[in-house]
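# Structure assessment
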Amino acid sequence: MEKTHYRSCNLCEAMCGLQIEVKNETIHGFKGDPLDLFSRGHICPKGPELKSLYEDPDRLKFPLKKTANGWEKLSWVDALSEIAEKLVNIQTKYGNDSVGIYNGNPTVHNYGSMLYGQRFVSRIKTKNNFSATSVDQLPHQLLSYLMFGHQLLIPIPDIDRTQYFLILGGNPFASNGSLMSVPDVKKRLKAIQDRGGKYVVVDPRKTETAEHANEHIFIKPGTDVFFLLAILHVLFSEKLIKDNPLIEESDIQSIQTLVKDFDLEKVSKITGISKETIHQIALDFSKSSSAVCYGRVGVSTQEFGALCQWLINTINILTGNLDKEGGAMFTLPAVDLVGEGSVMRSSPGSFNTYQSRVRKLPEFNDELPVSALAEEILTEGEGQIRALVTSAGNPVLSTPNGSKLEKALSSLDLMISFDFYINETTKYAHYILPPTSTLEHDHYDLIFNVFAVRNTTRYNQPLFSPVDGMLHDWEIFFDLTKRMELVRSKKEMPKELIKTKLTPASIIDHALKSGPYGTKQNPEIQMSLDLLKNSPHGFDLGPLKKSFPERLYTENKMIQLYPKLLEKDIPRLKSKFREHLDANQSLFPFLLIGRRHLRNNNSWMHNLPKLMTGKPRCTMMIHPEDANNLGIQNDEEVLVTSKVGELKIPVEITEELMKGVVSIPHGFGHNRSGTKQKVASQFSGVSINDLTDDQTLDEFSGNAAFSGIQVKINKIKV
Ligand code: SF4
């Protein structure tokens, strides 16, 4: 039987519509859905590889338990019963914090896992809750919480209407947008140029996005905070600040006083950007009919990641570009996670209400920074983590100082992993619980509709039934949560799986019906799951609209332009500024940055053969003059050393890199033994996180700072 299946891809944030041709339960065709109202037919090479994932012979399909004889297959009921009993026993003996949690990035691409995973975490009641947030977008969420009153009120570039787009530390050509879901980004950026606008990229590497920009400006890694302060310095000195009734005059004055010290001469010396260029960018930005400043992972993973996001928001606000068409706007998704009174309203956020046990790092939104995970396992004492549950994550490759984390994982009394691969992290687990893959479950994008450049929504039913009696993530979480409750109350566990009728789809249906486009609030649309089931190409809800003051959730209904808490980070900022100005020759003279390729995203994608074709990607990029000074040739292997580790990697000489900067992609390092990902191990590469340091942080937010790591490069003697 032949059929055409439509769904949105959940492999990255762009949510592209897919058109899949199926005959006799086998996929025969895969392309971008030309009728998709959001992605308009666009897909990248990753989308069609959902098929390879579904068919991957390395994908686990039943629970595994580690024994003296190796991995052994277990029934679901036996696995979940044993795990429930062991987790409860550990918490009973050592306290709630003795169980740690780590949620990887794919969790937010899976609404079932999000809904029931969060319930599981809340029942575990541990402070030792970690996720990929603190190696990524934590500063964005923190600043939205502090300035606008809700962590998910993230300003989104209104790319389809802006006339001036300033991008720092982001490469949307490779990512298709991040905290800016934007399929088809190439065409949308080109459209800015076609309508007489421009986009400018500030980055230590001339990325694929920078290649096509009106202007690309090299910046020394880790100095974006000073560049942003200098932009504000110009805006104040040239009297280009715009009025806004939602901000306090005293906050404006405090910022004016702060930025006075960051004059262009000094900032130019630190950043490597000429003072004329800084001045011109500030003028162009403020004089454009609409403009938006956007900074992404290269900026949020710096030592001043939080201050960078604050300054980016501040530039947008003080030039009159926040909550304005063509500026930085906010979404109004069909499932509203922000609005007061919404049935799905998520926590507005919290900050520093408790700290990590060993290093006293601040909590954000009931999570601790993942840079503290290894030490919380390795350091003895009350509250030490003895058992860890990981879900859809590979922190050995994706968090700083992966080697230290490996040592920690190998010391755990118990480790449970929700994952369908035996990878560099899950190989340390005592139990692996593999959930279904994307094409076997339904999909509603709970999170990325919140960050999209247009209000849209869609729901997709599964393409295939789960193979071999597999369970969805949410079913596993639900059963395990219930079983733990039974163990705690000393009741017998059932011999069959524990089910619920409250499916993720039924939860979403209720949220859609009672949300901003549901019957009561929008009788014309009457949004519901049934409506979306009959809208295979998605449902367009229009461009971003003005949201403030109605959706501003600070206590006094004003934008907190200069949140009080940030003041305590200013002495550190000023001290770093002086340090940069007095910089002497370093033992580690190069600054290391990461990079992302269109065919990469999460590390597990390295096991999908078609994504690994082409020339080797795990190389260390370096500028020709630096290579010449070191006497190294293209493809030659060099030794890279940081404070915490060293690795050998082939060199790729390119003028893409700023002098003094080297770049290694993230997610590689599949050369460790004990994994079971055949393709990935053929393209093993090395892990950049064997060089990054778990002790180097944005001290204010706790976010990892692995952009601009100091390293030295040595030729390998033969
Ligand atoms: S850009 Fe992202 S959402 Fe679109 S096909 Fe590629 S991986 Fe999927």
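What counts and what doesn't
- Residues numbered from 1 in each chain as written.
- Predicted model: local features only at pLDDT ≥ 70, side-chain atom pairs only at ≥ 80, totals over all residues.
- Heavy atoms only, no water.
- UniProt positions renumbered as here; feature names shortened; annotations may be inferred.
- 1 Å grid on protein atoms, 1.4 Å probe; cavity = no way out; pocket = protein on both sides within 12 Å on 5 of 7 lines; lining within 4 Å.
- Points joined across faces, edges and corners; volume = space filled by probe spheres on them.
- Helix = DSSP H or I, 4+ residues; strand = E, 2+ residues; numbered from the N terminus.
- Nonpolar A, V, L, I, M, F, W, Y, C, P; charged D, E, K, R; others polar.
- Domains from an automatic or database assignment.
- Pairing = 2+ DSSP bridges.
- Axes fitted to C-alpha atoms, helices over the stretch in contact; angles between N-to-C directions.
- Contact = heavy atoms within 4.5 Å.
- Salt bridge = Lys/Arg side-chain N within 4 Å of Asp/Glu carboxyl O.
- Buried < 20%, exposed > 50% of the residue type's maximum accessible area, 1.4 Å probe, protein only.
- Buried area = accessible area lost by both parts, 1.4 Å probe.

- An unreviewed UniProt entry lists the protein under the name Molybdopterin oxidoreductase family protein, with Leptospira kemamanensis as the source organism.
- The Sequence similarities (unreviewed entry) comment attached to the protein in UniProt states, word for word, "Belongs to the prokaryotic molybdopterin-containing oxidoreductase family."
- The UniProt entry for the protein carries this comment under Cofactor (unreviewed entry): "Mo-bis(molybdopterin guanine dinucleotide)".

## So, the layout of surface pockets
- Volume-wise, the second largest pocket comes out at about 940 Å³.
- What lines the second largest pocket is a set of 29 residues, among which K220, H580, L591, G708 and Q710 lie closest to the centre.
- Looking at the lining of the second largest pocket, the elements that each hand over two or more residues are helix 20 (570-581) and strand 28 (709-715).
- For the lining of the second largest pocket, a count of residues per class yields 11 nonpolar, 11 polar and 7 charged.
- Both domains that meet at the lining of the second largest pocket, namely domain 1 (154-330 + 552-569) and domain 2 (582-715), each give it at least three residues.

## Notes on the sheet that holds strand 4 (residues 64-67)
- Pairing within the open sheet is mixed, and its 7 strands lie in the order 5-4-18-17-16-6-7. Each having just a single partner strand, strand 5 (70-73) and strand 7 (129-131) make up the two edges of the open sheet. Between one strand and the next, the sheet's axes are offset by a mean angle of 20°, whatever the strand orientation.
- Taken together, the 2 bridges between strand 4 and strand 18 (residues 431-433) define a ladder with antiparallel strand orientation. Across the sheet, K65 pairs through a bridge with Y431, a residue of strand 18.
- On the sheet, helix 2 (residues 76-94) packs against strand 4, strand 6 (99-103), strand 16 (387-391), strand 17 (414-418) and strand 18 and is oriented at approximately 125° with respect to strand 18.

## Concerning the UniProt feature "domain: 4Fe-4S Mo/W bis-MGD-type" (unreviewed entry) in the protein
- On the UniProt side, "domain: 4Fe-4S Mo/W bis-MGD-type" (unreviewed entry) is annotated at positions that read residues 2-58 here.
- Between the C-alpha atoms that bound residues 2-58 there is a distance of 28 Å. The span itself is 11% helix and 37% strand.

## What to know about the pattern of salt bridges
- According to the stated counting rule, one finds 40 salt bridges in the structure shown.
- As a salt-bridge pair, D690 and R672 come within 2.9 Å of each other at their nearest N and O atoms. Linking D690 in the loop between helix 22 (678-682) and strand 28 with R672 in the loop between strand 27 (661-663) and helix 22, this pair joins segments that are 18 residues apart in sequence.
- In this structure D690 comes out as buried when scored by relative accessible area, which is 14%.

## Notes on empty space enclosed by the protein
- All chains considered together, the criterion is met by 8 cavities of 30 Å³ or more.
- Here the largest cavity defines a volume of roughly 140 Å³.
- Considering the residues around the largest cavity, the lining is formed by 18 residues, among which H140, P155, Q309, I312 and N313 are closest to the centre.
- Looking at the lining of the largest cavity, the elements with two or more residues in it are helix 4 (138-148), strand 8 (156-157), strand 12 (292-295) and helix 13 (305-318).
- Residue composition of the lining of the largest cavity, grouped by class: 12 nonpolar, 6 polar and no charged.
- The computed volume of the second largest cavity comes to approximately 90 Å³.
- Grouping the amino acids of the lining of the second largest cavity by side-chain chemistry returns 4 nonpolar, 5 polar and 3 charged.

## Some remarks on the pairing of strand 2 (residues 17-23)
- Judged by how many residues are buried, strand 2 sits mostly within the fold: 5 of 7 residues are covered.
- As paired elements, strand 1 (residues 2-8) and strand 2 share 7 bridges and run antiparallel to each other. Note that in strand 2 the partner of E2 across the bridge is K23.
- Sheet topology note: the strand 2/strand 3 (residues 26-32) ladder contains 6 bridges and is antiparallel. Residue pairing in the sheet places I20 in a bridge with F30 of strand 3.
- The hairpin formed by strand 2 and strand 3 contains 2 residues between the paired strands, and N24 there has a positive phi angle of roughly 50°.

## Re the domain arrangement of the protein
- The domain boundaries assigned to the protein delineate domain 1 (154-330 + 552-569) and domain 2 (582-715).
- Centre-to-centre separation of domain 1 and domain 2, based on C-alpha positions: 27 Å.
- Taken together, the contact pairs 25 residues of domain 1 with 24 residues of domain 2.
- Roughly 1,900 Å² of surface becomes buried between domain 1 and domain 2 when both sides are summed, with 62% attributable to carbon and sulfur atoms.
- It is R205, P221 and T301 that lose the most area in domain 1 upon contact with domain 2, and together they represent 31% of the buried surface on that side.
- At the boundary of domain 1 and domain 2, one finds 1 salt bridge.
- Across the salt bridge formed by E656 and R205, the nearest N and O atoms sit 2.9 Å from each other.

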